[in-house]
Amino acid sequence: QVQLVESGGGLVQAGGSLRLSCAASGRTFGTYAMGWFRQAPGKEREFVAAISWSGYSTYYADSVKGRSTISRDNAKNTVYLQMNSLKPEDTAVYYCAADGTNPPRYVKVHTVDYWGKGTLVTVSS
């Protein structure tokens, strides 16, 4: 069992930056690929980024590639999402996710084993 708690969301102006954190409980954190997803009002949940259990492999959605960096600290049971050059279209609830089976490129909504409750990111224009 893995429990995930996100933090770091908030209101930011376009062009600004935020760092989201996801604290995980459970001694098996280091065996899971971790991901970030987001869901904007009226839209489906979509993939943002994922990182392998080791941290050596990452994968990003085209919409955030070059503007975001996912990282993890297995000693702290924490995964991060650094987001830069934020745009109003980045406004969404951001969810942390754990996938015990797939490498980052194949982490999808339907492959996730555990979800956090989300943190709201609002980007004003």
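In this text the structure is predicted, and so the values were computed from the model without any measurement.

Chemist: So what's going on with the pattern of salt bridges? Which residues, and what values?
Modeler: By the definition in use, this model includes 4 salt bridges. Note that R38 and D90 form a salt bridge whose closest N and O atoms lie 2.9 Å from each other. Taken together, the positions of R38 in strand β4 (residues 33–39) and D90 in the loop between β8 (78–83) and β9 (92–99) put the pair 52 residues apart, joining distant regions of the chain. Salt-bridge contacts for D62 lead to K65; the nearest nitrogen and oxygen are separated by 3.2 Å. Overall, the relative accessible area of 49% leaves K65 in the partly exposed class.

Chemist: Hey, could you go over the pairing of strand β3 (residues 18–25) for me, with residue numbers and the actual values?
Modeler: Pairing of strand β1 (residues 3–7) with β3, which is carried by 5 bridges, proceeds in the antiparallel orientation. Across the sheet, S7 pairs through a bridge with S21, a residue of β3.

Chemist: Lay out the nonpolar core in plain terms, naming residues and giving numbers.
Modeler: Within soluble globular proteins, side chains that are nonpolar tend to cluster in buried spots. If you look at the biggest cluster of nonpolar residues, it comprises 37 residues, and the most contacted ones within it are L4, M34, W36, L81 and Y94. Mapped onto this core, the elements with two or more residues apiece are β3, β4, β5 (46–51), β8, β9 and β11 (119–124). When neighbours within four sequence positions are excluded, L4 is seen to be in contact with C22, A23, A24, M34, C96, A97, A98, Y114, W115, G116 and K117.

Chemist: How would you explain the sheet that holds strand β7 (residues 68–73) if you had to name every residue and give the values?
Modeler: Strands sit in the order β1-β3-β8-β7 across an open sheet of 4 strands; the sheet is antiparallel. Each end of this open sheet is capped by a strand with a single partner; those strands are β1 and β7. On average, each strand axis in the sheet is inclined to that of its neighbour by 15°, with strand direction left out of account.

Chemist: I'd like to hear about the packing of aromatic side chains, residue by residue, with values.
Modeler: Using the criterion set out here, one finds 5 aromatic pairs in the structure. Summarising the aromatic geometry, the rings of F37 and W115 are spaced 5.0 Å apart at their centres and angled 70° between planes, so their arrangement reads as edge-to-face. Within this pair, whereas F37 is found in strand β4, its partner W115 is found in strand β10 (residues 114–115), the two being separated by 78 residues in sequence. The exposure class of F37 is buried, given its relative accessible area of 1%. Given the relative accessible area of 29%, W115 is considered partly exposed. A connected cluster of aromatic rings, assembled from ring pairs, spans F37, F47, Y59, Y95 and W115. Positioned above the aromatic ring of W115, the side-chain terminus of R45 is 4.6 Å from the ring centre. The lysine or arginine in question, R72, covers the ring of F29, its NZ or CZ lying 4.5 Å from the ring centre.

What counts and what doesn't
Residues numbered from 1 in each chain as written. Predicted model: local features only at pLDDT ≥ 70, side-chain atom pairs only at ≥ 80, totals over all residues. Heavy atoms only, no water. Salt bridge = Lys/Arg side-chain N within 4 Å of Asp/Glu carboxyl O. Helix = DSSP H or I, 4+ residues; strand = E, 2+ residues; numbered from the N terminus. Buried < 20%, exposed > 50% of the residue type's maximum accessible area, 1.4 Å probe, protein only. Pairing = 2+ DSSP bridges. Core = buried A, V, L, I, M, F, W, Y, C linked by side-chain atoms within 4.5 Å. Contact = heavy atoms within 4.5 Å. Axes fitted to C-alpha atoms, helices over the stretch in contact; angles between N-to-C directions. Phe/Tyr/Trp six-rings, centres within 6.5 Å; stacked < 30°, edge-to-face > 60°. Lys NZ or Arg CZ within 6 Å of the ring centre and 35° of its normal.

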